[in-house]
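A structural walkthrough
Each chain, written out:
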Amino acid sequence: MRDVRLVVFDRQPGGSILQALVLMNSPFVNRRIKAENGSKVEQLVKSDKSNAAIVDELYLATLSRKPRDEEKQLAITWLETDRKQGTEDLQWSLLNKLDFIFNY
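What counts as what
Residues numbered from 1 in each chain as written. Predicted model: local features only at pLDDT ≥ 70, side-chain atom pairs only at ≥ 80, totals over all residues. Heavy atoms only, no water. Core = buried A, V, L, I, M, F, W, Y, C linked by side-chain atoms within 4.5 Å. Buried < 20%, exposed > 50% of the residue type's maximum accessible area, 1.4 Å probe, protein only. Helix = DSSP H or I, 4+ residues; strand = E, 2+ residues; numbered from the N terminus. Contact = heavy atoms within 4.5 Å. Salt bridge = Lys/Arg side-chain N within 4 Å of Asp/Glu carboxyl O. Polar contact = N/O pair within 3.5 Å; in protein donor to acceptor, adjacent residues only side chain to side chain. Expected span 1.5 Å × (residues − 1). pLDDT = per-residue confidence, 0-100. Axes fitted to C-alpha atoms, helices over the stretch in contact; angles between N-to-C directions. Parallel < 35°, antiparallel > 145°, perpendicular 65-115°, else oblique. Left-handed = near helix turned anticlockwise from the far one by under 90°. Nonpolar A, V, L, I, M, F, W, Y, C, P; charged D, E, K, R; others polar.

**What to know about the nonpolar core**
- Leu44, Ile54, Val55, Leu58, Tyr59, Leu63, Ala75, Ile76, Leu79, Leu90 and Leu94 form the largest nonpolar core, which has 11 residues in total.
- Looking at this core, the elements that each hand over two or more residues are helix 4 (51-63), helix 5 (69-81) and helix 6 (83-95).
- Leaving out residues up to four positions away in the same chain, Val55 has contacts with Pro67, Lys72, Ala75, Ile76, Leu79 and Leu90.

Shown next, in the form of structure tokens:
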């Protein structure tokens, strides 16, 4: 099935509540963060990569940059608590960052 964006909205420099709500609740986004069906997230969760390497790879793949030190440490604590859920949560948060919205 082809994904279709259900709501079209204009980009605004500071973001908007509508933009945030659409992305946070979007089935399109939520399907891409799950560690299933051979997704990038699933591949990383099942890999033997360290949590730090997973964080770096998701940042590079999603935002085209490495995480800042504080971002990396926070994300690593998520993965240490629950690798699968932490990786899904990290991917969701990266897809919902303003820099992702404006760059992609």
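**Quick look at the pattern of salt bridges**
- Under the definition given, this model contains eight salt bridges.
- Taking the shortest distance from any N to any O, the salt bridge between Lys46 and Glu42 comes out at 3.1 Å. Residue Lys46 and its partner Glu42 are located together in helix 3 (residues 40-46), separated by four residues, close to a single helical turn.
- Overall, the relative accessible area of 66% leaves Lys46 in the exposed class.

**Examining the side chain of Glu88**
- With respect to the helices and strands, the residue Glu88 is situated in helix 6.
- Beyond its immediate stretch of four places on either side in the chain, Glu88 contacts Ile33, Lys34, Ala35 and Val41.

**Digging into the side chain of Thr87**
- Among the structural elements, Thr87 can be located in helix 6.
- At 2.6 Å, the side chain of Thr87 and the backbone oxygen of Arg83 are in polar contact.
- Beyond its immediate stretch of four places on either side in the chain, Thr87 contacts Val41, Val45, Ile54, Leu58, Leu79 and Asp82.

**Re helix 6**
- For helix 6, built from 13 residues, the straight-helix expectation of 18 Å at 1.5 Å per residue is met to within 8% by its first-to-last C-alpha distance of 18 Å.
- Here helix 6 has its buried residues at Gly86, Thr87, Glu88, Leu90, Gln91, Leu94 and Leu95.
- Regarding helix 6, its N-cap is Asp82, as a side-chain oxygen of that residue lies 3.2 Å from the backbone nitrogen of Lys84 further along.

**Observations concerning the confidence of the model for the protein**
- Of all residues in the protein, 69% have pLDDT values of 70 or greater, and the mean over the chain is 81.
- By mean pLDDT, helix 7 (residues 98-103) is the weakest element of the protein at 60, and helix 5 is the strongest at 97.
- Confidence drops under a pLDDT of 50 for residues 3-7, and excluding neighbours within four residues, the segment shows five contacts in the predicted structure.

**Here's the deal with the packing of helix 4 against helix 6**
- Where helix 4 contacts helix 6, the two axes come as close as 10 Å, and the packing angle between them is 25°. Looking at the two axes, helix 4 sits roughly parallel to helix 6. For the element pair helix 4 and helix 6, the recorded crossing hand is right-handed. Contact residues: Asn51, Ile54, Val55, Leu58, Tyr59, Thr62 and Leu63 in helix 4; Arg83, Thr87, Leu90, Gln91, Leu94 and Leu95 in helix 6.
- Residue composition of the contact of helix 4 with helix 6, grouped by class: eight nonpolar, four polar and one charged.

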